[in-house]
Amino acid sequence: MSPNVKYQHPYQQNTVYSHVVELIRQYGQTSGTHLDLGCGYGAIAEPLRELGLDYVGLDSNEAAINDLRARGFKAGLLDLNASQPTLSKLREQISNPTLVSISLIDVLEHLTTGPALLEQLRALADGISVLLIISVPNIGHRDLAFKLLGGRWDYTQEGLLDHAHVIHHTSRLIDAVARRAGWVEVARNDFHMERSDQNFPFAHPLLSEHTAIYQYLRQLRDTVDPFASVNQLVRAYLPGPRKDRSIVSERTEDKARPFLSIVTRTQGKRLGALRDLLLCLTAQTCQDFECLIVAHKVDSQGFYKIRRIIEDTPAQMRSKCQLILCDRGNRTAPLNLGFEKASGHYISILDDDELVFAHWVETFKSLGQKTSGCVLRVVIAEQDIEASDARSDSVLGFRTVSAIRTPYPSHYDFFAHLRQNYSPTLSLAFPRTAFHELGIQFDETLNTTEDWDFEMRTVLVCGVQSSPEITGIYRKWRVGESSYALHSQDDWMRNYERIVSKLDTQYHIFPPGTIGKLNQQSQELQNQHQWILKLEADLAAIQQGGMLRLILRRFPRMYAILRRVYRACRHIVPGTMRRAAS
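Residues numbered from 1 in each chain as written. Predicted model: local features only at pLDDT ≥ 70, side-chain atom pairs only at ≥ 80, totals over all residues. Heavy atoms only, no water.

(A) Quick look at the overall build of the protein chain. The number of helices and strands found in the protein chain is 22 helices and 17 strands. Among the 582 residues that make up the protein chain, the fraction classed as buried is 46%. Nonlocal contacts in the protein chain, meaning residues at least 24 apart in sequence, comprise 77% of its contacts between residues at least 6 apart. As displayed, the protein chain has an accessible area near 29,900 Å², and 53% of this comes from carbon and sulfur atoms. (Helix = DSSP H or I, 4+ residues; strand = E, 2+ residues; numbered from the N terminus. Buried < 20%, exposed > 50% of the residue type's maximum accessible area, 1.4 Å probe, protein only. Contact = heavy atoms within 4.5 Å. Areas by Shrake-Rupley, 256 points an atom, 1.4 Å probe, with all protein chains shown as cover.)

So, in structure tokens, the structure goes:
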């Protein structure tokens, strides 16, 4: 800790210190020596003594060390900012050979040599079971993220952006640093704060929970990981094998990914169609893809048959395929598993009964290179098929029973898709990061329309870029097992209503043109409403017997003609009647 700042905080419940002590109480030992590095004034000294531990505090702040000694604790001076604290210096401070636990509370963020320190501690714990507790501020707290959108990065005397911090940690970083040094996480007791010390200035729209922009950002941030409200990352580790984890992001890994990951669900019931599908992928003009075939709830014999079909493909295609077994959940579960295993920049769903043309991958890649990050959409044709008798090799047969149609629009209409899905799954490619980084996953409580639900939630964040190119055929089963046949219309309607209700409870960003579209629809509704009122008034007049008056009032020229006829009749009719009488 910095010797120039007085970090003196009392021990209290529901603080970082109590979270550290709770981890030691649950996972540590009740006798032996506890080493508190960068201890400051030793806020946890008395609680650990009550647990039965011999507390030893080390810090570069002489006043803090003298305070600990005055309270009856062993304490010594040690500058952790020095090149590297040696094992001998650490061992000198521990008279009791039974070291059982070590704590680093608000220390690593002050050191540029943190990884080296953890390696020194791992060597100190070599051969013995030592519990290591690390607590660092979480730079991933939502308050910091939202303020940075507004261009604010406010260093403070203490807190998340303490002016003395030289390293800023996230959960991912501290995990990588610890694992690299040979520390394996065994428990966590993170300290949450909905409003951190960075929640200022007052009434800032990006920080006020009452504003629409805050609610949208929070909704987005909270789906990414569970650390949006974590103020301090408090973790417990035990010595373990060192694992080479890079603490510096390398762009070379990103460049090594294939462009497209293809997730194919199969139950092993349409092996002939699956063989056709793999043949289509073998013939792709762009081979920058991988294929993850997820076998869903198949027995060992079915799994073997699927594997044999993969092995029968050419070596180049076979090397792109990965067969994964999913033995849980409904039809949505294999999608989450496949997306989780996917390594491509984009991911598309291609079920085992569909066909794609040779330029399917090429069209996606061309579109993605121009508009990266968006959902990509191409056009798919449609054809009806029906099941036929099994073939001699026991594979289910099928035949086409209609011409090829093109019922889906050539461009993506967002508002139309809010009412009905006009894009089969094979017409879409989703950014991998939407699933892996933003936490947008398939809802496994849905047994139908799961693709439309995932599509709309992703589109509302990423937007869509379309190509009018027709690149495949969606096969609709008119007779045979399909999701339409397995689920009733009531199931489909219930899931539809659930999805609409879920979307309606959230904040969203809508594409340009939305306001004009809403105004146009509003005007059309208003015109229709006025016309309905007019018709209702007409109906009421007719029902009251005033039809003639209504017609004459609506058609004044007819009324004028009738008046002239009436006046003429007043002179003609009496004379005619007199002549008839004589």
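What follows picks up the thread again.
(B) Summary view of helix α19 (residues 489–504). The terminal C-alpha atoms of α19, which comprises 16 residues, lie 22 Å apart, in line with the 22 Å expected from a rise of 1.5 Å per residue. Listing the buried residues of α19 in full gives Asp491, Trp492, Asn495, Ile499 and Leu503. Taken end-on, α19 shows its buried residues confined to a sector of 100°, consistent with a single buried face. Exposed and oriented more than 90 degrees from the buried face of α19 are Gln489, Asp490 and Asp504. (Expected span 1.5 Å × (residues − 1). Arc of directions from axis to C-beta.)

(C) Representation of a nonpolar patch on the surface within the structure. On the surface, a cluster of nonpolar side chains totalling about 310 Å² of accessible area is made up of Leu148, Trp153 and Tyr155. Counting through the fold element by element, tyrosine 155 comes out in the loop between α6 (142–149) and α7 (171–181). According to the relative accessible area criterion, tyrosine 155 is partly exposed, its value standing at 46%. (Patch = residues over 30% accessible without salt bridge, like charges linked within 9 Å, V, L, I, M, F, W, Y side chains within 5 Å. Salt bridge = Lys/Arg side-chain N within 4 Å of Asp/Glu carboxyl O.)

(D) Region of interest: the packing of helix α17 (residues 450–462) against α19. Remark: α17 packs on α19, axes separated minimally by 10 Å, with the N-to-C direction vectors making an angle of 20°. For the element pair α17 / α19, the angle class is roughly parallel. Here α17 runs over α19; the crossing is right-handed. Judged by residue contacts, Trp452, Asp453, Met456, Arg457 and Leu460 of α17 engage Tyr496, Ile499, Val500, Lys502 and Leu503 from α19. (Axes fitted to C-alpha atoms, helices over the stretch in contact; angles between N-to-C directions. Parallel < 35°, antiparallel > 145°, perpendicular 65-115°, else oblique. Left-handed = near helix turned anticlockwise from the far one by under 90°.)

(E) The nonpolar core, seen in detail. Leu260, Leu278, Leu281, Ile306, Leu350, Trp360 and Phe364 are the most contacted members of the largest nonpolar core, which has 37 residues in total. Of all elements in the fold, only β9 (260–266), α10 (271–282), β10 (289–296), α11 (300–311), β13 (355–356), α14 (360–370), β14 (375–388) and β17 (464–479) reach the threshold of two or more residues within this core. If you tally residues by element for this core, the top one is α10, at 6 residues. Look past the residues within four positions of isoleucine 306 in its chain and what remains in contact with it is Thr266, Gly268, Leu271, Leu274, Ile293, Ala295, Val298 and Leu323. Ranked by size, the runner-up nonpolar core spans 32 residues in total, among them Leu35, Ile102, Val177 and Ala178. (Core = buried A, V, L, I, M, F, W, Y, C linked by side-chain atoms within 4.5 Å.)

(F) How the structure looks around the pattern of salt bridges. Enumeration over the complete set of coordinates arrives at 33 salt bridges. Between aspartate 154 and lysine 147 there is a salt bridge, with the nearest N and O atoms lying 2.7 Å from each other. On the basis of relative accessibility, which here comes to 17%, the residue aspartate 154 falls in the buried class. Here lysine 147 falls in the buried class, since its relative accessible area comes to 3%.

(G) Up close: the packing of aromatic side chains. The final tally for this structure, using the stated rule, is 14 aromatic pairs. Between phenylalanine 146 and tyrosine 214, the ring centres sit 5.6 Å apart and the planes meet at 85°, which makes this aromatic pair edge-to-face. Here phenylalanine 146 is found in helix α6, whereas its partner tyrosine 214 is found in helix α8 (residues 212–222), with 68 residues between them in sequence. Tyrosine 214 carries the same exposure label as phenylalanine 146, and that label is buried. An angle of 10° between the planes, with centres 5.3 Å apart, marks the rings of tryptophan 452 and tyrosine 496 as stacked. Of this pair, tryptophan 452 sits in helix α17 while tyrosine 496 sits in helix α19, and the two are 44 residues apart along the sequence. Judged by relative accessible area, tryptophan 452 falls into the buried class, the value being 4%. Taking relative accessible area as the criterion, tyrosine 496 reaches 27% and is therefore assigned partly exposed. Ring-pair connections join several aromatic residues into one group, and the members of that group are Phe339, Phe430, Phe435, Phe442 and Phe454. Above the plane of the ring of phenylalanine 200 lies lysine 147, whose end atom (NZ or CZ) is 3.6 Å from the centre. (Phe/Tyr/Trp six-rings, centres within 6.5 Å; stacked < 30°, edge-to-face > 60°. Lys NZ or Arg CZ within 6 Å of the ring centre and 35° of its normal.)

(H) Seen up close, the pairing of strand β16 (residues 428–431). As judged from the 2 bridges shared by strand β12 (residues 346–349) and β16, these two strands associate in the antiparallel manner. Directly across from isoleucine 347, in β16, lies its bridge partner phenylalanine 430. (Pairing = 2+ DSSP bridges.)

(I) Highlighting the pairing of strand β2 (residues 53–59). Across the 7 residues of β2, 6 count as buried, placing the element largely inside the fold. In terms of strand pairing, strand β1 (residues 32–37) meets β2 through 6 bridges, oriented parallel. Across the sheet, residue leucine 37 finds its bridge partner in β2, namely leucine 58. Of the crossover connections in this fold, the one passing from β2 over helix α3 (residues 62–70) to the parallel strand β3 (residues 74–77) is right-handed. (Right-handed = clockwise from strand over helix to strand, strands pointing away.)

(J) The arrangement of the environment of proline 407 in detail. Looking at the element boundaries, proline 407 is found in the loop between β15 (397–400) and α15 (414–419). Classification of proline 407 as partly exposed rests on a relative accessible area of 41%. In the structure, proline 407 is positioned 28 residues away from valine 379 in sequence and 9.5 Å away in space, judged by C-alpha atoms.

(K) Here's a closer look at unusual backbone geometry. The amide bond that connects phenylalanine 200 to the next residue, proline 201, takes the cis arrangement and shows omega of 5°. Here proline 201 lies in the loop between β7 (191–192) and α8. At alanine 203, a position not held by glycine, the phi torsion is positive, near 65°. Turning to its location among the elements, alanine 203 is positioned in the loop between β7 and α8. Take alanine 203: its relative accessible area is 54%, and that puts it in the exposed class. One non-glycine residue, threonine 449, adopts positive backbone phi at about 55°. Among the structural elements, threonine 449 can be located in the loop between α16 (432–436) and α17.

(L) Representation of the side chain of histidine 296 in the model. Take histidine 296: it is sitting in strand β10. Classification of histidine 296 by relative accessible area gives buried; the value is 6%. With sequence-adjacent residues up to four places away left out, histidine 296 is seen in contact with Thr266, Gln267, Cys326, Arg328, Gly329, Asn330, Arg331 and Pro334.

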